[in-house]
Amino acid sequence: MERIAVFCSASQNIDKIYVEKAAEFGKWLGENKKCLIYGGTNSGLMEVVAKEAHENGSMVMGVVPTIVEERGKTSDNCDVVFRTDNLSDRKDVMLRESEILVALPGGVGTLDEIFHIMAGATIGYHTKQVILYNIDGFWDGIIDFLGGLESKGFTRAPLCHYYKVANNFDELISML
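Computed from a predicted structure; not experimentally measured.

Q: So what exactly am I meant to see when it comes to the pairing of strand β2 (residues 35-38) here?
A: Where a strand is regular, its side chains alternate between the two sheet faces. Neither face of β2 is exposed, since Cys35 and Ile37 on one face and Leu36 and Tyr38 on the opposite face are all buried. In this sheet, β2 lies alongside strand β1 (residues 3-7) in parallel orientation, the contact comprising three bridges. Residue pairing across strands places Ile4 opposite Leu36, the latter belonging to β2. On the question of chirality, the crossover connecting β1 to the parallel β2 by way of helix α1 (residues 16-31) is right-handed. Alignment of β2 against strand β3 (residues 60-65), held across three bridges, turns out to be parallel. The partner of Leu36 across the bridge, within β3, is Val60.

This is the structure we're talking about:
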């Protein structure tokens, strides 16, 4: 996989372990000349991943909604900026431009992105998967929830067709 979209937090107020793992992943992206497609924001894990990727050789593509740009929150680490009208357009561009998507820890925006990708795959819009990078068990609750949906019959197919879980850095890299 050469074009990797990353969903993650824009929050500055998060545990150091998430920052360290985001930096490690960004550095790997750069050293391996992978193209990073991400939300284009200059804060939180988004900026950490982009800075490391950019400084280590990645092409960095930021997908920036108008409201983010108007607030001056676009990262200087973007080599290419896709401007979008809103968050829905942002998700569609990130999906279009990537081969696979990785979800680092994040909030409701990250959840929205994960479910957008999975929902599109369940009805055949695409065949791409999301990898949940389960740093320090961050995604355990969501993984349990998805298992419950499946066990209670709320899915047409096994959800493992639409997402994978990487519980450590080596697993993440092997999936990519």
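Q: Would you explain the pattern of salt bridges in this entry?
A: As a working rule, side chains carrying opposite charge can pair if their charged atoms are close by. Taken as a whole and judged by the stated rule, the model has nine salt bridges. Glu97 is paired through a salt bridge with Arg96; the nearest N and O atoms lie 3.0 Å apart. The exposure class assigned to Glu97 is buried, which follows from its relative accessible area of 15%. What you see here is one network of salt bridges that share partners, running through Arg3, Arg96 and Glu97.

Q: Before we go on, may I ask you to explain the packing of α1 against helix α2 (residues 44-55) in this structure?
A: Think of two packed helices as two axes; the pair is described by the angle between the axes and how far apart they sit. Running from N to C, α1 and α2 point in directions that differ by 30°, and their axes come no closer than 7 Å. Classed by the angle they form, the pair α1 and α2 counts as roughly parallel. Handedness of the α1/α2 crossing: right-handed. Contact with α1, carried on its side by Tyr18, Val19, Ala22, Ala23, Gly26, Lys27, Leu29 and Gly30, involves Leu45, Val48, Val49, Glu52 and Ala53 of α2 and no other residues of that element. Grouping the constituent residues of the contact of α1 with α2 by class yields nine nonpolar, two polar and two charged.

Q: What is the right way to read the sheet that holds β2 from this model?
A: Where strands meet in a sheet, backbone hydrogen bonds hold them as pairs that are either parallel or antiparallel. Pairing in this open sheet of seven strands is parallel, and the strands run β4-β3-β2-β1-β5-β6-β7 from one edge to the other. Each edge of the sheet is formed by a strand with only one pairing partner; in this case those strands are β4 (80-84) and β7 (163-166). Pairwise comparison of adjacent strand axes, ignoring direction, gives a mean angle of 25° for this sheet. Where α1 meets the sheet, it contacts β1, β2, β5 (100-103) and β6 (130-133), and its direction lies at approximately 165° from that of β1.

Parameters at a glance
Here the residue index of a chain counts from 1 through its sequence in written order. At least 70 in pLDDT is required for a residue's local features to be given in this predicted model, at least 80 for side-chain atom pairs to be given and counted, and no such filter applies to totals for whole chains, interfaces and linings, which use all residues. Note that water and hydrogens are dropped before the side-chain values are worked out from all heavy atoms of the structure. To sort residues, take the accessible area from a 1.4 Å probe on protein chains only and compare it with the maximum for the residue type: under 20% means buried, over 50% means exposed, and anything in between is partly exposed. Secondary structure elements are defined from DSSP: runs of H or I of at least 4 residues count as helices, runs of E of at least 2 residues count as strands, and each element is numbered from the N terminus. A pair of strands is treated as paired once DSSP finds two or more bridges between them. Call a crossover right-handed when, viewed with both strands pointing away from you, the route from the first strand across the helix to the second goes clockwise. Any carboxyl oxygen of Asp or Glu that lies within 4 Å of a side-chain nitrogen of Lys or Arg is treated as forming a salt bridge with it. Between the N-to-C directions of two axes lies an angle of 0 to 180 degrees, each axis being a line fitted to C-alpha atoms and, for a helix, fitted only over the stretch in contact. Angles below 35 degrees are treated as roughly parallel, those above 145 as roughly antiparallel, those between 65 and 115 as roughly perpendicular, and all remaining angles as oblique. Two helices crossing with the near one rotated counterclockwise from the far one by less than a right angle form a left-handed crossing, whereas a clockwise rotation gives a right-handed crossing. Should any heavy atoms of two residues lie within 4.5 Å, those residues are counted as being in contact. Amino acids are sorted into nonpolar (Ala, Val, Leu, Ile, Met, Phe, Trp, Tyr, Cys and Pro), charged (Asp, Glu, Lys and Arg) and polar (every other residue, Gly among them).

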